[in-house]
Amino acid sequence: MKHNIILTKTGKSANGTVQLTGSKSECNRALVIEALSDGKVKVENISDAADAVLLAGILRKSAVDSPQIVVGTDELHEVEVIDEKLPSSNHEPSPINHEPKTVNIGPAGTAMRFLTAYYAIGNEEVILTGSERMKQRPIGVLVDALRTLGAQIDYEEQEGYPPIKLKGSFEQQTRKISIKGNISSQYITALLLIAVKLPFGLELHIEGELTSRPYVEMTLAMLKEANILHTWEGNVISIPNQEFATTSLHIEPDWSAASYWYAIAALSDEAELFLPGLTSYSLQGDSVITEIMANFGITSQFKDGGVHLTKEVKPIFRKIFDMKECPDLAQTVIVVCAALGHEATFTGLETLKIKETDRILALQTELAKIGVKLIEKGQVYKLDCSEKQLPQRMFISTYHDHRMAMAFAPLAILIPELEIEDADVVEKSYPAFWKDLEKVGFHSEVKA
Ligand SMILES: O=C(O)C1=C[C@@H](OP(=O)(O)O)[C@@H](O)[C@H](O)C1
Ligand SMILES: C=C(OP(=O)(O)O)C(=O)O
């Protein structure tokens with residue numbers, strides 16, 4: 001049953017240590033790599049994020065049930081033939097002898113996209129479905145690319161959207177495919193993760209702008225940790241068929257989760273927070289939160305095996321924030337600006353409309369409750385804080401979106417009583433969020 005939480009905070013300082021869970025993005029990649037590696041790669045520390053725990057359950061079980069993924073046996077020099085139809089792998093798919101199994105991935109978008117590619121090259125029939133919202137999150141771009149590669153995939157309900165049926169009979173038709181880069185980088189990552197198992201490898205041409213680029217870089221870096229090499233020239237990423245090295249993958253703490261602590265520091269008069277395990281070099285693009293929050297007086301000092309955040313109250317000068325490379329930070333930064341009455345302009349928000357909810361609409365609706373407008377002008381969004389007023393009490397709707405709950409929670413520093421809808425929504429990426437808030441002086445009470 002859903003329950004709301006009432007959040008209060010005395011004083012405008014935040015001091016304490018918070019151990020964040022592992023990165024959802026890194027963990028999801030590591031799990032797919034582990035599942036494809038024939039036992040060679042192990043994930044060291046699974047994230048507590050519900051999306052990662054769910055994916056681990058599915059992939060580790062599927063590795064026991066059906067370990068066979070089509071593996072190429074042809075020599076690599078064959079991949080030179082790129083403009084002709086390639087011969088099929090000489091691996092014969094095993095006959096399907098059971099009813100399709102249904103895999104329900106709930107609200108986990110990344111996992112949905114990764115599993116689409118994973119099952120597309122497998123040899124079992126699978127129906128992949130998810131939450132009601134997942135059925136509105138587009139998958140057509142990825143399905144088209146996988147079909148071109150040789151996968152057989154049908155839509156079960158609406159064309160272009162989950163649920164989908166993956167037929168489990170893959171024969172590679174080509175190694176060269178094109179994909180739009182501006183809708184979701186998750187499609188690209190999904191293809192890069194399976195590339196190494198394609199008999200003729202993959203030559204992926206990214207059309208147009210690439211959104212969320214650091215996530216693609218993270219994928220390639222993690223593959224490299226498992227000894228899978230690539231080339232990336234211009235807009236073409238190539239990965240030949242290769243063998244995984246025997247290794248283990250370590251998951252860093254989640255920088256997107258860290259962003260809420262930066263927001264808390266930004267809204268406090270004084271803050272000294274320590275987030276263990278975070279390092280100045282990270283695979284996660286969201287580590288850019290250190291630079292963004294420097295504008296709000298937050299200093300990040302990397303020492304003692306983690307990052308120390310301190311706050312200095314100072315004027316904010318930066319007016320434009322481009323979130324194209326870090327879309328998961330958008331809500332955090334927009335809410336902080338709104339709460340401080342800082343009329344900034346935001347770009348790179350296009351993909352927010354197809355995430356856990358339409359995050360633009362959700363932000364507009366909730367910010368209106370403090371009199372702030374997020375005005376859309378083409379590709380640019382501007383905050384109008386001219387009528388900002390912070391009420392004594394406020395109710396935040398969360399729209400099944402963990403980041404709506406976590407991005408608005410820091411407002412409890414400025415608003416005496418903040419009620420947040422559906423507190424468990426945070427489990428998707430950060431289950432200990434409410435407990436961690438208690439460590440730095442927030443008080444949360446489940447509403448009866
Ligand atoms: O690859 C990933 O782990 C992710 C990529 C991003 O999605 P888009 O590429 O759709 O922007 C991000 O928003 C999501 O939370 C995680
Ligand atoms: C967009 C997100 O997740 P996903 O796409 O994996 O559902 C997110 O965590 O903000």
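Numbering of residues starts from 1 in every chain and runs along the sequence as written. Ligands are numbered from 1 and chains lettered from A, in the order in which they are written. At least 70 in pLDDT is required for a residue's local features to be given in this predicted model, at least 80 for side-chain atom pairs to be given and counted, and no such filter applies to totals for whole chains, interfaces and linings, which use all residues.

### Structural notes on the sheet that holds strand 10 (residues 231-233)
Part 1 of the argument: Taken in spatial order, the four strands of this open sheet run 8-9-11-10, and their pairing is mixed. The sheet is open, and its two borders are formed by strand 8 (176-180) and strand 10, each paired with just one other strand. On average, each strand axis in the sheet is inclined to that of its neighbour by 20 degrees, with strand direction left out of account.
Part 2 of the argument: The rule for pairing is simple: two strands pair if DSSP sees at least two bridges between them. We count a stretch as a helix when DSSP gives it H or I for four or more residues in a row; a strand needs E for two or more, and each element gets its number in order from the N terminus. As judged from the five bridges shared by strand 8 and strand 9 (residues 202-207), these two strands associate in the parallel manner. The partner of I177 across the bridge, within strand 9, is L204.
Part 3 of the argument: Contact criterion: two residues are in contact if their C-beta atoms, reconstructed from the backbone, are within 7 Å. Axis lines are fitted through C-alpha atoms, for helices just across the contact stretch, and the angle between N-to-C directions can take any value from 0 to 180 degrees. In the packing of helix 5 (residues 185-195) onto the sheet, contacts are made with strand 8, strand 9 and strand 11 (236-239), and the angle to strand 9 comes to roughly 170 degrees.

### Remarks on the UniProt feature "active site" (unreviewed entry) in the protein
Part 1 of the argument: UniProt positions are given in the numbering used here, feature names are shortened, and annotations may be inferred rather than shown by experiment. In this numbering, the UniProt entry assigns the feature "active site" (unreviewed entry) to D328.
Part 2 of the argument: By secondary structure assignment, the location of D328 is in the loop between strand 16 (320-322) and helix 9 (330-340).

### Remarks on the domain arrangement of the protein
For an interface, size is often stated in terms of accessible area lost upon the parts coming together.
Part 1 of the argument: Per the domain assignment, the segments of the protein are domain 1 (5-21 + 254-446) and domain 2 (24-249).
Part 2 of the argument: How far each domain reaches was decided by an automatic or database domain assignment. The C-alpha centroid of domain 2 is placed 32 Å from the C-alpha centroid of domain 1.
Part 3 of the argument: In this assembly, 20 residues from domain 1 lie in contact with 22 residues from domain 2.

### Observations concerning the site of ligand 1
Part 1 of the argument: Think of it this way: take the backbone, place a C-beta atom on it, and check whether that atom is within 6 Å of the molecule or strand, in which case the residue is near it. The local shell around ligand 1 holds 13 residues, among which S25, S184, S185, S212 and Y215 are the closest.
Part 2 of the argument: Sorting the residues of the shell around ligand 1 by element identifies helix 1 (24-36) and helix 5 as the ones contributing at least two each.
Part 3 of the argument: Residue contributions to the shell around ligand 1 peak at three residues, all from helix 5.
Part 4 of the argument: As a working rule, the residues Ala, Val, Leu, Ile, Met, Phe, Trp, Tyr, Cys and Pro are called nonpolar, Asp, Glu, Lys and Arg charged, and the rest polar, with Gly in that last group. Residues that form the shell around ligand 1 fall into these classes: two nonpolar, 10 polar and one charged.
Part 5 of the argument: Inspection of the shell around ligand 1 shows a minimum of three residues originating in each of domain 1 (5-21 + 254-446) and domain 2 (24-249).

### Side note on the packing of helix 7 (residues 255-267) against helix 9
Part 1 of the argument: Relative orientation of the contacting elements helix 7 and helix 9 amounts to 10 degrees, with a least axis distance of 10 Å. Here helix 7 is positioned roughly parallel relative to helix 9, judged by the angle of their axes. Note on element contacts: helix 9 touches helix 7 through T332, V335, V336 and A339, opposite S259, Y260, A263, A266 and L267.
Part 2 of the argument: Considered class by class, the residues forming the contact of helix 7 with helix 9 number seven nonpolar, two polar and no charged. Small angles under 35 degrees read as roughly parallel and large ones over 145 as roughly antiparallel, with 65 to 115 read as roughly perpendicular and the rest as oblique.

### A word on helix 6 (residues 213-225)
Part 1 of the argument: An expected span of 1.5 Å times one less than the residue number is assigned to each helix. Here helix 6 contains 13 residues, and its C-alpha end-to-end distance of 19 Å stays within 8% of the 18 Å for a straight helix at 1.5 Å per residue.
Part 2 of the argument: Field definition: a residue is buried when 20 or more other C-beta atoms are found within 10 Å of its C-beta, exposed when 12 or fewer are, and partly exposed for counts in between, with C-beta atoms placed from the backbone. All of the buried residues in helix 6 are P214, Y215, V216, M218, T219, M222 and L223.
Part 3 of the argument: Taken together, the buried residues of helix 6 touch helix 1, helix 5 and strand 12 (247-249).
Part 4 of the argument: A positive backbone phi angle near 75 degrees is found at N227, which sits one or two residues after helix 6.

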